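Overview (structure and organization)
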Amino acid sequence: MEAFVGILVDTLNSMIEDELGLLCGVATNMQKLSRLLSTIKAVLEDAEQKQFTNKPIQQWLQELNVVSHEIDDVLDDYAAEASRVKYKNSGRFSLMCYLVAGNLVFRHRIGKRMKEILEKFNAIADERIKLDLSDQKRGSYFNASLETGSMVNEPEVLGRDEEKEQIVHILMKEKDREDQNVSVLPIVGLGGLGKTTLAQLVFNDERIAKHFELKLWVWVSEDFDVKRIINALIESAEGTSAEASELDPLQRKLQELLRGKRYLIVLDDVWNENPEEWEKLKSVLECGSRGSSIVTTTRMEKVATIMGTLQTRHLSSLSEIQCWSLFRQRAFGRQEAEEYPNLVVIGKEIVKKCGGVPLAAKALGGFLRFKREENEWNYVKCSAIWDLSEDETHILPALRLSYLNLPVQLRGCFAYCAVFPKGSEIEEEEVIHLWMANGLISSNGTMEVEDVGAAAVTELHHRSLFQAVEKDVFGRAHDHTFKMHDLVHDLARSVMEAKHGGRESNRTMILGMPDDQLTVAFPITSTGTDQFSSFMPKCGSLRGLIVRSTRWGEGFTELPPAISKLKHLRHVNLSRSDIVELPNSICDLWNLQILNLNGCGRFRSLPKGMRFLRNLRHLCLQGCGV
């Protein structure tokens, strides 16, 4: 949301500087809107953190989201009209002359809409003051992760024996290396996947206890404060807090404890992306004897790259059998599951929700620990995990922390991916084009917008929110394609629903056509291609249109002329469909940036008016008959 508002501010200021606002007689209102948006943008990060536990703030953000998109539509309308008039009337009338004398109706409509929006925004700004959003920056929800210790809290840990053995073997071999005093082994994985539990298993292994003279455990979390971490290491070694309060004596004290010893340190739950902060801590720790090691757990590949000297261990999901064992252990306790055959059947369906994440299996099992009625278990089976009490499951805080730790410019990009069906493979190029179409990314002055999008995909992958798909279903290499873990997709969905108050967004539409029936997965439903035109007027804010088919486009042969009503449309993907030609009216879509006709083998020719699509950046015709 903050990134989107920032882009709106930049757009407004650019239009004012270019005197586009002046041409429509609404420059004053544009300037007022820009100031209001800038003021609200300053408190949006705090609001986003609080929205999950504060309903009034959530409702305020929903209202802001609606009005922000209205502003986007109005600015889009004006920019499109200005572009159209300037191009069609070049050499005959000046842009100023046409707008002042030739299009009074348009001027009046834009001016009226701007005035209405300004009134709405003033009311939203007043509500912000009442809510006092600016107090206590970085609210308590941001610190939702639970402090960890070195002791394993599970009666039995399933599915991590192989990983534990590999890490123990690596750490014990480090004594034979002569090139460094301390090695760092990162463990990377999705929130709730069991990184801390694996580190605890390694830390408490008898072989590790005999091999290392000193073992220390520190929970780091989001605040990578070198002084605090050093103090915690001293406390872990001595059992009491250090008396010194200044950094320098604390550093000397820690080095006294470590010097000449082969030590193992676990730094759990690290989020720090600043190499300089890590170097400050590392320089203090490089005083142990040969074979000293550090194990760090993190959700972020970038952290592992900064800290690691050994190969990163990427933690995999548990198998469904392992997840069931973990769930059964929590749900039935000492009772035999076989005493409740009906609940076992339901329970195995519930386990599928867990997606191999131990935290989810333990949480849902614990949630049902003392429930023995089938309707209670069916409620969990049929509910989204997000509908369950977060106080009882702890799933929400664990996963939402990954969202709240994203840079603000990436939050909208991540949440947007809820538009794709769960479990689907997502092509990098397409999601970047859709981010562009929806105003979620923009050129930063030094990089093209497509490069900004590619960097965003890479960052989300490094944060374990995207999973690379290396091979397709036929075993072929599948570069530049990724998936989202089911729970991560649920997280994106929950954020998107919070932004829209439970309503679907109306800015992207994915059309699926199984058995020659046209169904709209997101957000409108229709029953056949003959009704395509009827729902288009209801989608005035649509930015992206994607046609999906289980039969490679079979049955989809044309776009209706009414496509021209979707004047905000920027992305149209008809790839691998049976479309033969495009209506001439598509050339009225002045904002269109991407037109994808790849794999449309029956397509024969483009409309003659394609030259009017002045904003078209990508025309994809691979595998077409053109």
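First things first, this report covers the structure right here in the doc. (Residues numbered from 1 in each chain as written. Predicted model: local features only at pLDDT ≥ 70, side-chain atom pairs only at ≥ 80, totals over all residues. Heavy atoms only, no water.)

1. Considerations on the overall build of the chain
Of regular secondary structure, the chain possesses 24 helices and 14 strands. Buried residues in the chain amount to 52% of all 626 residues. Sequence-distant contacts in the chain: of pairs separated by 6 or more residues, those separated by 24 or more amount to 71%. About 28,500 Å² of surface is accessible on the chain, with carbon and sulfur atoms providing 47% of the total. (Helix = DSSP H or I, 4+ residues; strand = E, 2+ residues; numbered from the N terminus. Buried < 20%, exposed > 50% of the residue type's maximum accessible area, 1.4 Å probe, protein only. Contact = heavy atoms within 4.5 Å. Areas by Shrake-Rupley, 256 points an atom, 1.4 Å probe, with all protein chains shown as cover.)

2. Quick notes on the sheet that holds strand β6 (residues 426-427)
If you walk across this open sheet you meet the three strands as β6-β8-β7, and the pairing is antiparallel. A single partner strand is all that each edge strand has here, and the edge strands are β6 and β7 (467-468). Where β6 meets strand β8 (residues 481-483), two bridges bridge the pair, whose relative direction is antiparallel. Opposite I426, over in β8, you have F482 as the bridge partner. (Pairing = 2+ DSSP bridges.)

3. Notes on the packing of helix α21 (residues 428-437) against helix α22 (residues 449-462)
Axis separation between α21 and α22 bottoms out at 9 Å; the angle between their running directions is 120°. As judged from the angle between their axes, α21 and α22 are oblique. Note on packing geometry: the crossing formed by α21 with α22 is right-handed. Of the residues in α22, those in contact with E428, V431, I432, W435 and M436 of α21 are V449, E450, G453, A454, A456, V457 and L460. Class assignment of the residues belonging to the contact of α21 with α22 gives a composition of nine nonpolar, one polar and two charged. (Axes fitted to C-alpha atoms, helices over the stretch in contact; angles between N-to-C directions. Parallel < 35°, antiparallel > 145°, perpendicular 65-115°, else oblique. Left-handed = near helix turned anticlockwise from the far one by under 90°. Nonpolar A, V, L, I, M, F, W, Y, C, P; charged D, E, K, R; others polar.)

4. So, the sheet that holds strand β2 (residues 214-221)
With respect to topology, five strands assemble into an open sheet ordered β2-β3-β4-β1-β5, the strand pairing being parallel. The sheet is open, and its two borders are formed by β2 and β5 (313-314), each paired with just one other strand. Where β2 lies against strand β3 (residues 263-270), seven bridges are found, and the strand directions are parallel. Bridging from a neighbouring strand, L214 pairs with Y263 of β3. Against the sheet, helix α7 (residues 161-173) contacts β1 (182-188), β3, β4 (292-298) and β5, and its axis sits at roughly 165° relative to β1. Against the sheet, helix α12 (residues 275-285) makes contact with β1, β3 and β4, and its axis sits at roughly 165° relative to β3, the strand it touches most.

5. Topic: the environment of E459
Within the element layout of this structure, E459 appears in helix α22. Between the alpha carbons of E459 and P407 there is a distance of 9.8 Å; along the sequence they are 52 residues apart. Leaving out residues up to four positions away in the same chain, E459 has contacts with E273 and L410.

6. Things to note about the pattern of salt bridges
Tallied over the full model, the rule gives 19 salt bridges. R570 is paired through a salt bridge with D76; the nearest N and O atoms lie 2.3 Å apart. Highlighted residues: R570 in the loop between β11 (544-548) and β12 (571-573) and D76 in helix α4 (residues 55-88), separated in sequence by 494 residues. Assessed through its relative accessible area of 5%, D76 is described here as buried. The salt bridge partner of D248 is R252, with a shortest N-O separation of 2.1 Å. Here D248 pairs with R252, and both are found in helix α11 (residues 247-258), just four residues apart, close to one helical turn. For D248, a relative accessible area of 41% puts it in the partly exposed group. The exposure class of R252 is partly exposed, given its relative accessible area of 46%. Sharing partners across several salt bridges, the network here consists of D72, D73, D76, R543 and R570. (Salt bridge = Lys/Arg side-chain N within 4 Å of Asp/Glu carboxyl O.)

7. Some points on the environment of E301
Here E301 lies in helix α13 (residues 301-307). It is 7.9 Å that separates the C-alpha atoms of E301 and H461, two residues lying 160 residues apart in sequence. Look past the residues within four positions of E301 in its chain and what remains in contact with it is V188, T312, H314, H462 and R463.

8. Re α11
In a regular helix each residue adds 1.5 Å, so twelve residues correspond to 16 Å; α11 covers 17 Å between its end C-alpha atoms and thus fits that length. Along α11, the residues that are buried comprise L250, L254, L257 and L258. Taken end-on, α11 shows its buried residues confined to a sector of 90°, consistent with a single buried face. Structurally, α11 contributes buried residues whose contacts are with β2, α10 (226-238), β3 and α12. Positive backbone phi, at 80°, marks G260, one or two positions downstream of α11. (Expected span 1.5 Å × (residues − 1). Arc of directions from axis to C-beta.)

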